[in-house]
Each structure stands twice: as structure tokens, then as C-alpha cells.
Amino acid sequence: PAVPAVMVPGAQTDAELGREVFLSKTCVACHAITGTRAQGALGPVLTRFGTRPWVGAGAATNSQASVEQWIRDPQSMKPGTLMPGAHTPGGGMPPTNLTEQEIRLIATYLRSLK
């Protein structure tokens, strides 16, 4: 049986784990973050995302819950947005297939960008 992950001293923070998830998933195909290999040009640049008051160009406040919902299902917050959701296609791209844990970690990472 699988052994659950245990947090140990020196282990990565949720923001650091979220950075790894973000950079390993399709996020980087569309989004850029200065200082990372994420250099996509289709979607908004996410550098300093944590300083922004809004998500989705004013669709919601930049809270953990809102960012998670945006990543999970951006169409539910801003119909017509081109970003695909975890289970819904968008902008001609397939769903991201992110898990709930990956969504939470990516949201934590993005909100940590100051």
C-alpha cells in the first residue's frame, strides 16, 4: 500500500510545490512568469500575480478560493474566457486535468508571487 507523504523539516512549502506543478503542466504553454521557464504568450503574464486585486480581469477578488475556482472552471466565473478548466476545454485546448491538490498548490504559488 502507498505510504502517505509526511512533512519533514526542510520540506518544500505549498508555494514551492505549486511552482513545480505550474512549471510541469500545460500552464506554461500560455502563461509567462519572469524568472521561470514559463514563457507562454497566449495568456496573461502572471509575474507578480499575488499583488493583483482581481482574478480574470475583474471577475473576482484575488482570494485563495477565487483563484482555485478560476483554475478549476474559469468559464463559471467569466463566460467566454479562453482558458481551459480542469475538466472543461477552452480556447481550442483540452481540459488541464489538474487534480484538486494541484489546483490548490498552483493557486498558492500564484498568490505568493509579489
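Please refer to the structure higher up on the page.
In what follows, the accompanying structure is described. (Residues numbered from 1 in each chain as written. Predicted model: local features only at pLDDT ≥ 70, side-chain atom pairs only at ≥ 80, totals over all residues. Heavy atoms only, no water.)

## Things to note about the nonpolar core
Of all hydrophobic cores here, the largest spans 22 residues; its most connected members are F22, I33, I71, I106 and L110. Per-element tally for this core: the top contributor is helix α5 (residues 100-112), with 6 residues. Ignoring anything within four residues of it in the chain, the contact list for L110 reads F22, I33, L46, F49, G50 and I71. (Core = buried A, V, L, I, M, F, W, Y, C linked by side-chain atoms within 4.5 Å. Buried < 20%, exposed > 50% of the residue type's maximum accessible area, 1.4 Å probe, protein only. Helix = DSSP H or I, 4+ residues; strand = E, 2+ residues; numbered from the N terminus. Contact = heavy atoms within 4.5 Å.)

## Concerning the environment of P95
Along the chain, P95 turns up in the loop between α4 (74-77) and α5. What makes P95 partly exposed here is its relative accessible area of 25%. Counting along the chain gives 21 residues from P95 to P74, while the straight-line C-alpha distance between them is 11 Å. Residues contacting P95, with those up to four places away along its chain left out, are P84, G85, A86, H87, T88 and P89.

## Focus: the side chain of E102
By the element assignment, E102 lies in helix α5. Look at E102 and you get buried, because its relative accessible area is 16%. A distance of 2.9 Å separates the side chain of E102 from the backbone nitrogen of T99, its partner in a polar contact. Those residues in contact with E102, other than ones at most four positions away along the chain, are V21, K25 and N97. (Polar contact = N/O pair within 3.5 Å; in protein donor to acceptor, adjacent residues only side chain to side chain.)

## Topic: the side chain of E68
Structurally, E68 is set in helix α3 (residues 64-72). Given a relative accessible area of 16%, E68 falls into the buried group. Excluding its chain neighbours within four sequence positions, the residues that come into contact with E68 are I103, R104 and A107.

## A closer look at the packing of aromatic side chains
Enumeration over the complete set of coordinates arrives at 1 aromatic pair. Ring geometry for F22 and Y109: centres 5.9 Å apart, planes at 55°, overall tilted. Here F22, found in helix α1 (residues 14-24), pairs with Y109, found in helix α5; they are 87 residues apart in sequence, far enough to count as distant. Side by side, F22 and Y109 carry an identical accessibility label, which is buried. (Phe/Tyr/Trp six-rings, centres within 6.5 Å; stacked < 30°, edge-to-face > 60°.)

## Concerning the packing of α3 against α5
Two elements in contact, α3 and α5, have axes separated by 9 Å at closest approach and are oriented at 125°. It follows that α3 is oblique to α5 by the angle criterion. Our pair here, α3 against α5, has a crossing hand that is right-handed. The residues of α5 that touch α3, namely those facing Q64, V67, E68, I71 and R72, are E100, I103, R104, I106, A107, T108, L110 and R111. When the residues that make up the contact of α3 with α5 are grouped by side-chain class, the tally is 6 nonpolar, 2 polar and 5 charged. (Axes fitted to C-alpha atoms, helices over the stretch in contact; angles between N-to-C directions. Parallel < 35°, antiparallel > 145°, perpendicular 65-115°, else oblique. Left-handed = near helix turned anticlockwise from the far one by under 90°. Nonpolar A, V, L, I, M, F, W, Y, C, P; charged D, E, K, R; others polar.)

## Observations concerning the packing of α1 against α5
Look at α1 against α5: their axes get within 7 Å of each other, and the N-to-C directions meet at 105°. Taken together, the axes of α1 and α5 lie roughly perpendicular to each other. Each of D14, A15, L17, G18, R19, V21 and F22 in α1 lies in contact with α5, whose residues at this interface are E102, R104, L105, I106, T108, Y109, L110 and S112. Partitioning the contact of α1 with α5 into residue classes produces 8 nonpolar, 3 polar and 4 charged.

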